[in-house]
Amino acid sequence: MNEPFDFIEMKVPAKSDYVGVARLTASGLANRMGFSYEEIEDLKVAISEAITNTVKHAYTEEGAGEVTVGFGLYEDRMEVMIADYGGSFNLKSIKENIGPYNEDIPISNMKEGGFGLFLIDALMDKVEITNNNGVIVLMTKYLFENEVGRSDDQVSTTQ
Amino acid sequence: MNLHIDDHKNGDSSILKLSGEIDAYTAPRLKEHLLNLIEENKEVQVDMQQVNYMDSTGLGVFISALKTSKEVDKTFKLINLQDNVYRLFNITGLNEVIDIENTVRGGM
């Protein structure tokens, strides 16, 4: 299975100052891939939520570490990985270690930003979280090029 | 990637005009400003027309604002939200608890 894709990786200090920079990058990449305006907005929110969680929870002292953000650009989807440790991504081994969303992650950890994970789940097509050796969030948004409208935007015309 | 905060006082009510992005970086300053304004005024309207990005940190600020306004018996509402911003209130169900007015009122 050798699916072609481009991979972009960025590493920013784990400070809220840089959430916007990662968001802007995501927006540029998603635009290049042909995502719609609404889908790009979804991606921006989901990515910001994941990084904000990392900035708030991964390090006791803000700015003590780095957040690694990886974008996998495939023919039909964008995969975004957000990791709270400084090391570079090994895409293959990371993907092997990721399971379905783990309900064991205490909700209390998300309390004050309580809607973050909920929004990620609502706005992305697939979300996986792994929790050994630092938290890694892997989320996917599919590109539906030929779809005319999204179901939640459609107006019912039945009479 | 910043947030501009501007308030206009009108008697015992106040309009807070926001412009820019509400995220983890800008939310703390907004929260402080907004909570003070609610303490000091009978009614506070937050004009969101120029807010083109918001995430859950913004939802958190408005939840705090709602709590504070209930505690001190003041009125707090959001007006003129862009579609992508309103959508987050809708998805989370917060549009049911926070007073949101989406039409632009004439006679400014």
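On a predicted model such as this, the values are computed, not experimentally measured, just so you know. (Residues numbered from 1 in each chain as written. Chains lettered and ligands numbered in written order. Predicted model: local features only at pLDDT ≥ 70, side-chain atom pairs only at ≥ 80, totals over all residues.)

Peer 1: An account of the interface of chain A and chain B is requested, with residue identities and associated values reported.
Peer 2: Chain A puts 18 residues into the contact, and the matching count from chain B is 15 residues. Elements with a contribution of two residues or more to the side of chain A that touches chain B: α1 (19–33), α2 (37–58) and α4 (116–123) of chain A. Looking at the side of chain A that touches chain B, the element that brings in the most residues is α2 of chain A, giving seven residues. Classifying every residue of the side of chain A that touches chain B gives seven nonpolar, six polar and five charged. (Contact = placed C-beta atoms within 7 Å. Helix = DSSP H or I, 4+ residues; strand = E, 2+ residues; numbered from the N terminus. Nonpolar A, V, L, I, M, F, W, Y, C, P; charged D, E, K, R; others polar.)

Peer 1: How would you explain helix α3 (residues 83–92) of chain B if you had to name every residue and give the values?
Peer 2: Of all the residues in α3 of chain B, the buried ones are V85, R87, L88 and F89 of chain B. Its buried side turned inward, α3 of chain B meets α4 of chain A together with β3 (43–54), α2 (56–71) and β5 (99–101) of chain B. After α3 of chain B finishes, the residue G93 of chain B shows a positive phi value of roughly 80 degrees. (Buried ≥ 20, exposed ≤ 12 C-beta atoms within 10 Å, placed from the backbone.)

Peer 1: Could you give an account of unusual backbone geometry, with specific residues and numbers?
Peer 2: All names here are of chain B. The phi dihedral of D73 is positive, around 60 degrees, even though this residue is not glycine. Topologically, D73 is positioned in the loop between α2 and β4 (75–79). Residue N80 is not a glycine yet carries a positive backbone phi of 55 degrees. In this structure, N80 sits in the loop between β4 and α3. In this structure N80 comes out as buried when scored by C-beta crowding, with 21 C-beta atoms within 10 Å.

Peer 1: Got a sec to walk through the pairing of strand β2 (residues 66–74) of chain A? Specific residues and values, please.
Peer 2: Residue and element names in this part refer to chain A. Across the nine residues of β2, seven count as buried, placing the element largely inside the fold. The sheet contact formed by β2 and strand β3 (residues 77–83) spans six bridges and is antiparallel. Looking across to β3, one finds that T68 is bridged to A83. Hairpin geometry of β2 and β3 is characterised by an intervening segment of two residues between the two adjacent antiparallel strands. (Pairing = 2+ DSSP bridges.)

Peer 1: For the pairing of β3 of chain A, give the residues involved together with the corresponding values.
Peer 2: Residue and element names in this part refer to chain A. Of all seven residues that make up β3, six are buried, and the element is covered over most of its length. Summarising the sheet, β3 and strand β5 (residues 136–142) pair through seven bridges and their orientation is antiparallel. Opposite V80, over in β5, you have M139 as the bridge partner.

Peer 1: Describe the sheet that holds β3 of chain A, and please don't skip the residues or the numbers.
Peer 2: All names here are of chain A. Taken together, the five strands give an open sheet; going across it, the order is β1-β2-β3-β5-β4, and neighbouring strands pair in antiparallel fashion. Either end of the sheet is taken by a strand with one partner, and the two such strands are β1 (5–13) and β4 (126–130). In this sheet, neighbouring strand axes are inclined to one another by 15 degrees on average, regardless of whether the strands run parallel or antiparallel. (Axes fitted to C-alpha atoms, helices over the stretch in contact; angles between N-to-C directions.)

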